Amino acid sequence: MSEKPQKVAIIGTGMAGLITSYILRTDPRFDVEVFEKQAQLSLDSASLTVSSGPDNDQKQHRIDLPMRVFADGFYANLKRMYDFFGVQYASPRFIYTMSRISDPGSTEIHPHFIHSSNNHQLPPLRPKGCSWIEWLMRVVYLAVCYYYFVACCFFVAPRTTSDTGLSESFRDYAKRIHIPGHYIKNYFLPLMSCVTTCSHNQLLDFPAIDVIGYQTKTFRKPHYTVLGGVNKVQAKLSKGQKVRYSAAVTAVENVGSKVKVTWKDGSREEVKSLFFDHVVLAVTPDVLRAIFPPLRKILAAVPTTPVHSIVHRDFARLPACSQVISARLHADNDRSSTHPIHIISNASTTESTHQHPSSVLISTSPIVPIDSEKVISSTTFTRVLRTPTSRQVTLDIFESKPTGPDGDSKQWQNGDGNVWLVGGWCWDGMVMLEGCIASAIRVAEKLNIEVPWAS
Ligand SMILES: Cc1cc2nc3c(=O)[nH]c(=O)nc-3n(C[C@H](O)[C@H](O)[C@H](O)COP(=O)(O)OP(=O)(O)OC[C@H]3O[C@@H](n4cnc5c(N)ncnc54)[C@H](O)[C@@H]3O)c2cc1C
């Protein structure tokens with residue numbers, strides 16, 4: 001007689017929750033139910049479709065929010081999964097204009113450098129108002145700094161701080177390798193904070209090993225975006241999945257050999273509970289602290305920050321940035337393969353504005369005011385940050401490391417009481433989509449489930 005399937009609840013329908021539910025559903029030993037506090041699946045919930053505009057051909061464009069870029073080298077598992085599903089992706093040519101503003105509220109933005117992804121545009125474009133001599137000196141200075149920095153990433157390993165046992169921060173690593181502060185402040189931090197979507201100080205506090213890992217793995221590797229949008233991935237992962245929408249989980253507790261999930265049903269304003277054999281929490285650490293008591297204290301050391309993304313048509317704020325690359329855009333026969341990204345920094349933070357081929361702008365962490373009448377949508381995401389301390393907390397949760405005097409770990413670890421954690425932050429690296437899939441695969445391995453795209 002076949003055994004009754006084990007009941008599994010997955011909380012959250014971001015990339016991590018959906019991948020875990022997909023893998024578990026391939027095994028008849030598990031009966032999976034998914035809880036999502038929103039009224040729709042969340043992976044693609046902020047994305048939108050826009051038309052090119054009245055003067056154009058009214059072509060429909062899907063805009064992924066966030067952009068969900070991935071690259072060779074760093075995203076081995078994600079790429080394998082996309083290939084398994086036949087999801088198509090392409091490598092856009094990104095052109096980054098870099099500008100600085102000194103006064104808050106300033107609208108005068110003039111690029112001081114233009115950089116292209118993987119240096120596909122050589123020599124780099126010369127910004128308007130920059131003399132040939134000045135431009136040449138800047139290019140040479142940046143090339144020397146960049147290749148010195150890359151060499152350090154490959155050959156100078158980050159240290160462990162002897163008194164704390166924690167890994168070195170990127171701030172300390174940059175000082176130790178004597179990379180010029182001017183380069184770090186005006187070029188490296190603005191570019192890198194577009195990837196990490198956080199302030200310069202938060203990025204300096206990252207473990208050096210994260211920044212170095214990302215830099216070395218993606219060095220000279222193409223970056224990709226999904227053609228037609230991440231909704232294609234969401235559709236593949238969620239096909240046939242039972243989902244309880246508008247179900248905000250308020251507590252997850254071990255009761256005997258079961259795990260009790262309590263949630264507020266938003267559609268009926270009712271509080272409900274059910275018992276499961278396993279629960280997979282695919283939520284950010286701030287949510288985990290609120291709903292899962294064993295991690296309430298320890299996850300206080302894992303910082304999160306809100307990130308605002310605004311889709312709009314306020315081109316008036318970027319005249320100089322758009323002008324400088326307009327010739328390059330006109331030269332592009334297929335107007336959709338060149339993607340300008342305008343990087344605008346002040347002393348502490350960076351805005352990135354993606355000039356989408358559909359003639360909309362997507363501003364992440366805007367620092368220059370946007371005309372509210374030109375706003376199409378506005379979304380706030382939660383970004384999980386990394387510090388040497390949060391890295392240690394994550395390692396302690398996910399790596400089996402007995403710490404008590406009798407050899408037993410005193411701290412809650414992944415899988416204790418049949419409760420599992422997955423998410424972009426649930427691995428030892430930069431908090432990205434690859435962390436979602438790596439952590440989902442870890443759960444699959446612990447439950448002896450074969451990952452469909454592994455073979
Ligand atoms: C602005 C921005 C840009 C980014 N760009 C990239 C990029 O280009 N490439 C890349 O690789 N990574 C990028 N990232 C990182 C990447 O998007 C995240 O690491 C990844 O989306 C995290 O997915 P997740 O499934 O772990 O969590 P989330 O996507 O945060 O999903 C958590 C889910 O839990 C649900 N939830 C929360 N509370 C409850 C509750 N109480 N009950 C039920 N459900 C609940 C939420 O609604 C959501 O569905 C970016 C992140 C941000 C913020």
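Residues numbered from 1 in each chain as written. Predicted model: local features only at pLDDT ≥ 70, side-chain atom pairs only at ≥ 80, totals over all residues. Heavy atoms only, no water.

Visitor: Give a description of the side chain of H61 that names residues and reports values.
Guide: Counting through the fold element by element, H61 comes out in strand β4 (residues 60-63). Note on H61: relative accessible area 13%, which makes it buried. With sequence-adjacent residues up to four places away left out, H61 is seen in contact with L48, T49, V50, S52, H356 and S358. (Helix = DSSP H or I, 4+ residues; strand = E, 2+ residues; numbered from the N terminus. Buried < 20%, exposed > 50% of the residue type's maximum accessible area, 1.4 Å probe, protein only. Contact = heavy atoms within 4.5 Å.)

Visitor: Help me get a handle on the pairing of strand β8 (residues 111-116), residues and values and all.
Guide: For β8, a buried count of five out of six residues is recorded, marking the element as mostly surrounded by other parts of the structure. Relative to β8, strand β7 (residues 93-100) is paired through five bridges, and the arrangement is antiparallel. Bridging across to β8, M98 finds its partner in F113. (Pairing = 2+ DSSP bridges.)

Visitor: Describe the pattern of salt bridges, naming the residues involved and giving the relevant values.
Guide: Taken as a whole, this structure holds 17 salt bridges when the rule is applied. Between E168 and R176 there is a salt bridge, with the nearest N and O atoms lying 2.8 Å from each other. Exposure remark for E168: the relative accessible area of 6% places this residue in the buried category. With relative accessibility at 23%, the residue R176 sits in the partly exposed group. A salt bridge links R386 to D210; the nearest nitrogen and oxygen atoms lie 2.6 Å apart. With R386 in the loop between β19 (375-384) and α11 (388-398) and D210 in helix α7 (residues 208-218), this pair connects stretches of sequence that are 176 residues apart. A relative accessible area of 4% means that D210 is categorised as buried. One continuous salt-bridge network, built from bridges that share partners, spans D210, R386, R391 and D428. (Salt bridge = Lys/Arg side-chain N within 4 Å of Asp/Glu carboxyl O.)

Visitor: Before we move on, could you go through the UniProt feature "transmembrane region" (unreviewed entry) in the protein chain and cite the residues and values that matter?
Guide: UniProt's feature table lists "transmembrane region" (unreviewed entry) at residues 135-157, given in the numbering used throughout. Secondary structure across residues 135-157 comprises 91% helix and 0% strand; the distance between its end C-alpha atoms is 33 Å. (UniProt positions renumbered as here; feature names shortened; annotations may be inferred.)

Visitor: Hey, could you go over the site of the ligand for me, with residue numbers and the actual values?
Guide: Among the 31 residues in the neighbourhood of the ligand, the closest are listed as E36, S42, V69, Y75 and V249. A distance of 2.5 Å separates an oxygen atom of the ligand from a polar side-chain atom of E36. Separating an oxygen atom of the ligand from a backbone N or O atom of V69 is a distance of 2.8 Å. When residues of the shell around the ligand are traced back to their parent elements, those giving at least two are α1 (15-25), β11 (247-255), β19 and α12 (433-446). (Near = heavy atom within 4 Å. Polar contact = N/O pair within 3.5 Å; in protein donor to acceptor, adjacent residues only side chain to side chain.)

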